[in-house]
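Examination of the molecular architecture
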Amino acid sequence: MAQTVLHKANTRGGADHGWLKSSHTFSFGSYFNPERVQFGALRVLNDDTVDGGRGFGEHPHDNMEIISIPLEGALEHKDSMGNVATIERGEIQVMSAGTGIYHAEDNKDKSLPVKFLQIWIFPNKRNVTPRYDQKKIDITSTPNQLVQVLSPNPDDAGVWIYQYAWFNMASLEQKHQIEYTIHKKGNGAYIFVLEGDVEINGQLLNKRDGYGIWDTEGFTVFANTDAEFLIMDVPMEF
Amino acid sequence: MENETEILVVGTNEKILQVVLRLLRANVLWRATGVSGVDEVLSGCREKVYDVLLIGAGLTDEEEERLSTEVKTIRPAIKVIKHYGGGSGLLFAEIYLALGTKNQAQ
């Protein structure tokens, strides 16, 4: 029988650094809740808003798959491997931090905030050579369909990471539904609602709610309103 | 100070190691020491009682495995943690979970 966990948006941890406002689905930084540490290999799901002209100065990471998905605005990325790039809504960025990487992420627009998801997945291999990539994603021109934006396979659609994880996004019109099949035995899926209201197996989810489901082969997402969401299909043990 | 937690951190990336040590030392109840190799960890554990060994980046799989087993032989009560993330994001939760959530004052 399927097991589930519900994280309503207003129960997330919060951090307000003035220039950065972040909602943490799982324990992060100074927010610690032993009941909310991870969903399988999904360890961090931060919903960040960065003020215009501000950003994350250079800081290190190691041994983590770090994925950023802009929702509004654009971020400029610089890292210790020499990459300089801008990512904006309609793109996904990935860093395999491995043995160590330094990077900075800045909102170059002086007046408008940038909103983005920061997602960390535990890698299935420690101390890999660091790498960076970004790709276009388009969910609006193909409504009512799943769009794969991440996988474990370099030759597959979207970016890839060192973990048996698959991310799909979708823009679902009101009263439409999508069937989702979990990719790998032992994986579970964590659904994060970006816009609108959806139901999964009868569970109502509103904007920014999170819902984990595992010990099942799949589920149905039904849109009560026009909606956008992200499905993160990750190993429950790794 | 009574109730201080002694944390030994090992990692080969000196810059990241220094960041992790600085973050740990911001907690007045944590005393953090950094080293860069397996032999230093083992000799350190023979000389002093550490509560936590935090394994950072840069060691081989064999070195990580060796640490996990040999340190436990020297200090059976030590908590051995593989650190992920390289900064403040997960660091405190990793330590709190290892210690059973005590010592959270900063």
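Residues numbered from 1 in each chain as written. Chains lettered and ligands numbered in written order. Predicted model: local features only at pLDDT ≥ 70, side-chain atom pairs only at ≥ 80, totals over all residues. Heavy atoms only, no water.

**Let's talk about the sheet that holds strand β9 (residues 91-96) of chain A**
Strand pairing in a sheet takes place through backbone hydrogen bonds and is either antiparallel or parallel in direction. All names here are of chain A. Judged by pairing direction, the sheet is antiparallel, and its seven strands sit side by side in the order β2-β3-β4-β11-β6-β9-β12 without closing on themselves. Edge positions in the sheet fall to β2 (13-16) and β12 (131-136), since each of these pairs with one other strand and no more. Pairwise comparison of adjacent strand axes, ignoring direction, gives a mean angle of 20° for this sheet. As paired strands, β9 and β12 are joined by six bridges and run antiparallel to one another. (Pairing = 2+ DSSP bridges. Helix = DSSP H or I, 4+ residues; strand = E, 2+ residues; numbered from the N terminus. Axes fitted to C-alpha atoms, helices over the stretch in contact; angles between N-to-C directions.)

**Regarding the domain arrangement of chain A**
Residue and element names in this part refer to chain A. Under the domain assignment used here, chain A contains domain 1 (13-136) and domain 2 (147-235). For domain 1 and domain 2, the distance between their C-alpha centroids amounts to 20 Å. Contacts between domain 1 and domain 2 engage 28 residues on the former and 25 residues on the latter. Between domain 1 and domain 2, roughly 2,200 Å² of surface is buried when both sides are summed, and carbon and sulfur atoms account for 72% of that area. For domain 1, the biggest contributors to the area lost against domain 2 are Phe39, Asn124 and Arg131; these three give 26% of the whole. Connecting domain 1 to domain 2 are two salt bridges. Between arginine 89 and glutamate 228 there is a salt bridge; the shortest N-O distance is 3.4 Å. The interface formed by domain 1 and domain 2 contains eight residue pairs in polar contact (both at pLDDT 80 or more). Broken down by secondary-structure element, the contributors of at least two residues to the side of domain 1 that touches domain 2 are β4 (42-50), β6 (65-72), β9, β11 (114-121) and β12. In the side of domain 1 that touches domain 2, the residues fall into 16 nonpolar, five polar and seven charged. (Domains from an automatic or database assignment. Contact = heavy atoms within 4.5 Å. Buried area = accessible area lost by both parts, 1.4 Å probe. Salt bridge = Lys/Arg side-chain N within 4 Å of Asp/Glu carboxyl O. Polar contact = N/O pair within 3.5 Å; in protein donor to acceptor, adjacent residues only side chain to side chain. Nonpolar A, V, L, I, M, F, W, Y, C, P; charged D, E, K, R; others polar.)

**A few points about the pattern of salt bridges**
All names here are of chain B. By the definition in use, this model includes 16 salt bridges over all chains. Arginine 31 serves as the salt-bridge partner of glutamate 6, at 3.0 Å between the closest nitrogen and oxygen. One end of the pair, glutamate 6, is in strand β1 (residues 5-10); the other, arginine 31, is in strand β2 (residues 30-35), with 25 residues separating them in the sequence. Taken together, the shared-partner salt bridges connect Glu4, Glu6, Arg31 and Lys48 into one network.

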